[in-house]
Structures are given as C-alpha cells and as structure tokens.
Amino acid sequence: MSDFVVRAVAEGEERATRDVLGQALHKPPVDDETWRLTASAWPAAGKFAAFDGADPVGVTSSFSTEIVVPGGRRVPFAAIDGVAVRADSTRRGALTRLMAAQLPDLVERGHVLAGLHASEATIYGRYGYGVAGRMQILEIDRAKVRWRADAPQSGRVRLLDGADAAKLVPDIYRSIGLPRHGNIGRPDLWWLNNHDGPIRDGHRVAVHTGPDGDDGFATFVTHARRAPALADWRTELRVREMHAADPAALASLWRFLLGIDLVQTAYGQARPLDDPLPSMLEDPRACRTISIEDELWLRLLDVQAALNARTYGRAEPVVVEVADRRLPANSGAYRVTTDGTSRTDAAADVRLDVETLAMLYLGAWRPSLLADAGRIEVFDAGAPARLDALFKTVVEPWCGTHF
Ligand SMILES: CC(C)(COP(=O)(O)OP(=O)(O)OC[C@H]1O[C@@H](n2cnc3c(N)ncnc32)[C@H](O)[C@@H]1OP(=O)(O)O)[C@@H](O)C(=O)NCCC(=O)NCCS
C-alpha cells in the first residue's frame, strides 16, 4: 500500500502537476514563456494529485464540457485531459487512488459521462471506461486519386496562417454544431492547449467557404524527405483533423488537400470509420485503411441519466443488470425500452459491467457480438438481438477532438 496523499490540486500547484504530466509523456518541462501563455489552460479546478511529501508525483486532470449522445441531446461531460504518474512512483497504486478520488467528484459536480483518449488500451477498463468510439487511419496514394463525376463539390478553400486560423477556426467549429454523437464542445482552454500549439508547430489550416460562409476546416502538416536524385524526393501530407458542416464541404476539403502538388502520400489521421472518401474515388483502393484504433473511451458516471439521455431503436424491452464496483450507486437493473429507461426490480435478461455498457452506449459495438465474446451474460436468449435493435445507430460514433 502506498503512503501518497491524494487530494484536489490547490492554486499555486498547477505548474508542478503540469510537469508531472509532461515528464510521464516524455516531453520537456514547460518553459516560462510557454507557461505564461498557456497556464490558464491548466487550472487547478478539476484536478487531483498524488503527493509524496510536498511533491506531486501523480495527476489526473479534467475539464467540463458537453457531449452529443445518440438522438442528438447534449449532456454534461468531463473530458479527462491528462493522467500521469511519475516514473519513480508507478505501480504503487497512485492511479487507482486518483481515480477513486476523481470519479465520485465528477458525479458530484453533475457530469453524466466522462471520457478520455488512452495511451495504452489496458489501463482504464478497470475504472469503468470502455471503448465507445473508434477511428481509422487512412493512407491515400495521391497518384491514383481520380474523383468520381458524382462526387460532391462546393464553394472554395483557402489557406490561413496561424494567427488568422487561431481566431477563425474556433468559430467555425462552434458553428458546425457537433453534428455527430460522440462530438464534444471545445472550451477556450482546449483551443489554447491544443490548437494554437500545432499551428505554431508548422501545421497549416485550410478553410472551406460554402454558400452561407465558412463551414469547414482541416489542419495538416507536410513532411518532405529529400534524396540525392530529384526523382526520389518524397513528401507526405498528414491531415490532423477535419470538420465540416455538410458532405459537400467535407468532399471539397478532401479535394483540396489531395490536390496539393508534390505530395505522394497523404494520411487522414483519426477519421471516423464511415468517412466517405473511398466511395468518392474512381479507384477506392487509392485510399486504404491502415489501422482501426480505439478513439473515445467513455465512462457512464450516472447510468440512469445517461441511459435516459439517448434515443433507442424499435424492439421489445430488455432488462439490463449493470455492475459498477467503483460507483456502486449505479449497480442494479434497468429496463431499456424504445421510449426510454427506468430502474426496475424485474429479473435481468442480461448482465454486464459498466465498462461493457460504455461500449454499447454510442452504438460502436453490436451487443450480440459482445455477448458472443463473453462480455455480456445472457439469461434470455432473445435479449442480445433486441439490444442490437435498441442500441444501433445509423452513423458511427466519433469524438473527433483529441484531449
Ligand atoms: C499509466 C499510469 C498512469 C499508471 O499509474 P500507476 O500509479 O502506476 O498505476 P497503479 O499502480 O495505480 O496501477 C493500477 C492498475 O493498473 C495496472 N497498470 C498500471 N500501469 C499500467 C500500464 N501501463 N499498462 C497496463 N496496466 C497498467 C496496474 O498493474 C494495476 O493493476 P491492478 O488494478 O490489476 O492491480 C502510469 O504508468 C503513467 O503515468 N504512465 C505514463 C503516462 C501515461 O501513460 N499516462 C496515461 C495517459 S492516457
């Protein structure tokens, strides 16, 4: 058992906890100038730290925003934006104690869901987080790109420099309006932490203007590899993120990016599984999925509120027994119906833990597949098919915001 003290981070301790995170993620300490510019993006609020004497050796950080759930409702969401334990203090229970402090605090502050992006996929299931959204990495062979005649196209695309982009892009993101379940709101501190940085680091920003004004953007970076012979020079283009209000704006951004000269290979990083790009090309093999990865890990903090917030497909009801050992108030049976959910004393049709419920919640996984995989205990043989129909969503869940 560890002798750490785990408590909320106090004012004046922010920078030391920021350095714990930086060190664990193999980044240099924040210099004075960077800290001056970005300190407000790392407030004490929403953070817990583990202290060994006076020194913080572990931290878990969160900021509050909203997430869209199936059906379009927005619910209070805690984005866990930094988890780390200093290398000389790992495997002594610090993370477990940090999570034990953070989870009830998030509930108390009214969050319905929490989420994170995991550096390793074996850490967070034990705390009730499950993979609720996945992403794909696309690799595009530019020489093979020919657009189908019916592929949409609209407006025009222009490049912005860092200062203009930092002003404009947050407004475009806001006006696009979180169209997909899994999307989250981006508070000012997110933009300060994530967006200004990459632009300064050489990312460029393309903005699409449609009939009603600016309605999409992409941030990207290019890497050139020089070789002795000109014919062997290679340039890669990496699309870091791309958001658009409608399919025509998205297609036009792709057209622009894949039309940039001297690029041999382009990559779409962290794209939703249903990105339409391959279906708009004459040769769909010009665009390959080179990896499918977990994107958003979700934690239902208030199971009843979360289940009630989303909509369901048409099927007969299912009684789902949920086990949540970290937040035991969530444990119990819920009757899930087409019209909503309620607590019940009825006998369970299926039993699962809260991590598996998170996997179902946004529609990323077919419940019957998770039953086949042994993650859902089945008492009524017809229940998995009914859960499939209830939880299914037409579009894939996708967060699209790294934090
Ligand atoms: C991941 C990290 C936060 C774990 O902290 P920790 O204090 O060592 O974790 P704990 O001692 O509380 O261990 C908790 C449990 O997780 C397991 N665990 C810890 N780190 C793990 C890892 N990297 N991979 C798999 N399991 C891990 C432990 O074995 C333990 O399992 P148990 O509950 O079955 O006993 C820490 O190793 C770290 O900061 N790593 C570098 C930065 C990082 O990856 N941060 C996460 C960013 S999303």
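Everything numeric in this text was worked out from a predicted model, so none of it was measured. (Residues numbered from 1 in each chain as written. Predicted model: local features only at pLDDT ≥ 70, side-chain atom pairs only at ≥ 80, totals over all residues. Heavy atoms only, no water.)

Q: Quick one: what's the story with the pattern of salt bridges, residue by residue and with numbers?
A: The full count for this structure, using the stated rule, is 23 salt bridges. A salt bridge links Arg 180 to Asp 274, with the nearest nitrogen and oxygen atoms 2.8 Å apart. Of this pair, Arg 180 sits in the loop between helix 4 (162-176) and helix 5 (188-200) while Asp 274 sits in the loop between strand 11 (265-272) and strand 12 (287-300), placing them 94 residues apart in sequence. When its relative accessible area of 17% is taken as the criterion, Arg 180 is described as buried. (Salt bridge = Lys/Arg side-chain N within 4 Å of Asp/Glu carboxyl O. Helix = DSSP H or I, 4+ residues; strand = E, 2+ residues; numbered from the N terminus. Buried < 20%, exposed > 50% of the residue type's maximum accessible area, 1.4 Å probe, protein only.)

Q: Which residues make up the domain arrangement of the protein, and what values do they have?
A: Per the domain assignment, the segments making up the protein are domain 1 (5-116), domain 2 (136-296) and domain 3 (302-391). Using C-alpha coordinates to define each centre, domain 1 is positioned 30 Å away from domain 3. Contacts between domain 1 and domain 3 engage 12 residues on the former and 11 residues on the latter. For the pairing of domain 1 and domain 3, the buried interface totals around 940 Å² over both sides, and the portion due to carbon and sulfur atoms is 73%. The largest per-residue losses of area from domain 1 upon contact with domain 3 belong to Pro 70, Leu 103 and Val 112, which jointly make up 47% of the total buried on that side. (Domains from an automatic or database assignment. Contact = heavy atoms within 4.5 Å. Buried area = accessible area lost by both parts, 1.4 Å probe.)

Q: Let's hear about helix 1 (residues 14-24): which residues, and what values?
A: The set of residues buried in helix 1 consists of Glu 14, Thr 17, Arg 18, Val 20, Leu 21 and Gly 22. Packing partners of the buried residues in helix 1 comprise helix 2 (32-38), strand 2 (47-52), strand 3 (55-68) and strand 4 (74-85). After helix 1 finishes, the residue His 26 shows a positive phi value of roughly 65°.

Q: Which residues make up the sheet that holds strand 13 (residues 318-323), and what values go with them?
A: Spatial ordering of the open sheet is given by 15-14-13-16-17, a layout of 5 strands whose pairing is mixed. Both outer strands of the open sheet, strand 15 (340-344) and strand 17 (377-378), are each paired with one neighbouring strand and no more. Strand direction decides the pairing type here: strand 13 and strand 16 (residues 350-353), joined by 4 bridges, are parallel. Following the sheet pairing, Val 320 is matched in strand 16 by Val 350. Running at roughly 100° to strand 16, helix 8 (residues 354-361) makes contact with strand 13 and strand 16 of the sheet. Seen against the sheet, helix 10 (residues 383-391) touches strand 13, strand 14 (332-337), strand 16 and strand 17 and runs at an angle of roughly 90° to strand 13. (Pairing = 2+ DSSP bridges. Axes fitted to C-alpha atoms, helices over the stretch in contact; angles between N-to-C directions.)

Q: Which residues make up the nonpolar core, and what are the values?
A: Counting 56 residues, the largest nonpolar core has Phe 77, Leu 113, Leu 298, Leu 300, Tyr 361 and Phe 403 as the members making the most contacts within it. The leading source of residues in this core is helix 8, at 6 residues. In this structure, Phe 403 is in contact with Phe 63, Phe 77, Ala 79, Ile 80, Asp 81, Gly 115, Leu 116, His 117, Ile 184, Trp 190 and Leu 296, ignoring residues within four places of it in sequence. Residues Val 239, Ala 244, Ala 286 and Cys 287 belong to the second largest nonpolar core, which totals 26 residues. (Core = buried A, V, L, I, M, F, W, Y, C linked by side-chain atoms within 4.5 Å.)

Q: Lay out helix 4 in plain terms, naming residues and giving numbers.
A: An α-helix turns once per 3.6 residues; consequently, residues spaced three or four apart project the same way. With 15 residues, helix 4 should reach 21 Å at 1.5 Å per residue; the first-to-last C-alpha distance of 21 Å fits that figure. Approximately 30° is the largest bend angle found in helix 4, and it occurs at Leu 168, with the proline Pro 170 only one to four residues beyond. Within the span of helix 4, buried status applies to Ala 165, Val 169, Pro 170, Ile 172, Tyr 173 and Ile 176. A distance of 3.2 Å separates the backbone nitrogen of Ala 163 from a side-chain oxygen at the start of helix 4, and that oxygen is part of Asp 161. (Expected span 1.5 Å × (residues − 1). Bend = angle between axes of the 7 residues up to and from the residue. Polar contact = N/O pair within 3.5 Å; in protein donor to acceptor, adjacent residues only side chain to side chain.)

Q: Could you give me a rundown of the pairing of strand 8 (residues 204-210), with the residues and numbers involved?
A: Most of strand 8 is tucked away: 6 of the 7 residues are buried. Where strand 8 and strand 9 (residues 213-225) come together, 7 bridges link them in antiparallel fashion. Paired with Thr 209 across the bridge in strand 9 is Asp 214. What sits between strand 8 and strand 9 in their antiparallel hairpin is a turn of 2 residues.

Q: Let's hear about the side chain of Thr 60: which residues, and what values?
A: By the secondary structure assignment, Thr 60 is in strand 3. A distance of 3.0 Å separates polar atoms of two side chains, one belonging to Thr 60 and the other to Gln 102.

Q: Please provide a residue-by-residue account of the site of the ligand, values included.
A: Near the ligand you find 19 residues, and of these Val 85, Arg 91, Gly 93, Ser 119 and Glu 120 are the closest. Gly 93 places a main-chain nitrogen or oxygen 2.8 Å from an oxygen atom of the ligand. Between Leu 95 and the ligand, the recorded distance is 3.1 Å, taken from a backbone N or O atom to an oxygen atom. When isolated, the ligand has an accessible area of 880 Å², and the protein chains bury 73% of it. Within the residue set of the shell around the ligand, elements represented by two or more residues are strand 4 and helix 3 (94-108). Tallied by class, residues from the shell around the ligand come to 9 nonpolar, 6 polar and 4 charged. (Near = heavy atom within 4 Å. Areas by Shrake-Rupley, 256 points an atom, 1.4 Å probe, with all protein chains shown as cover. Nonpolar A, V, L, I, M, F, W, Y, C, P; charged D, E, K, R; others polar.)

Q: Tell me what's going on with the packing of aromatic side chains, and back it up with residues and numbers.
A: Following the criterion strictly, the structure yields 6 aromatic pairs and no others. Their ring planes at 75° and their centres at 6.2 Å tell us that Phe 63 and Phe 403 sit as a pair that is edge-to-face. Taken as a pair, Phe 63 in strand 3 and Phe 403 in the segment after helix 10 lie far apart in primary sequence, 340 residues in all. The exposure class of Phe 63 is buried, given its relative accessible area of 5%. (Phe/Tyr/Trp six-rings, centres within 6.5 Å; stacked < 30°, edge-to-face > 60°.)

Q: Describe the environment of Trp 398, naming the residues involved and giving the relevant values.
A: As for its placement among the helices and strands, Trp 398 is situated in the segment after helix 10. Distance in space between the C-alpha atoms of Trp 398 and Leu 362 is 8.9 Å, their sequence separation being 36 residues. Polar side-chain contacts of Trp 398 include one of 3.1 Å to the backbone oxygen of Ala 270.

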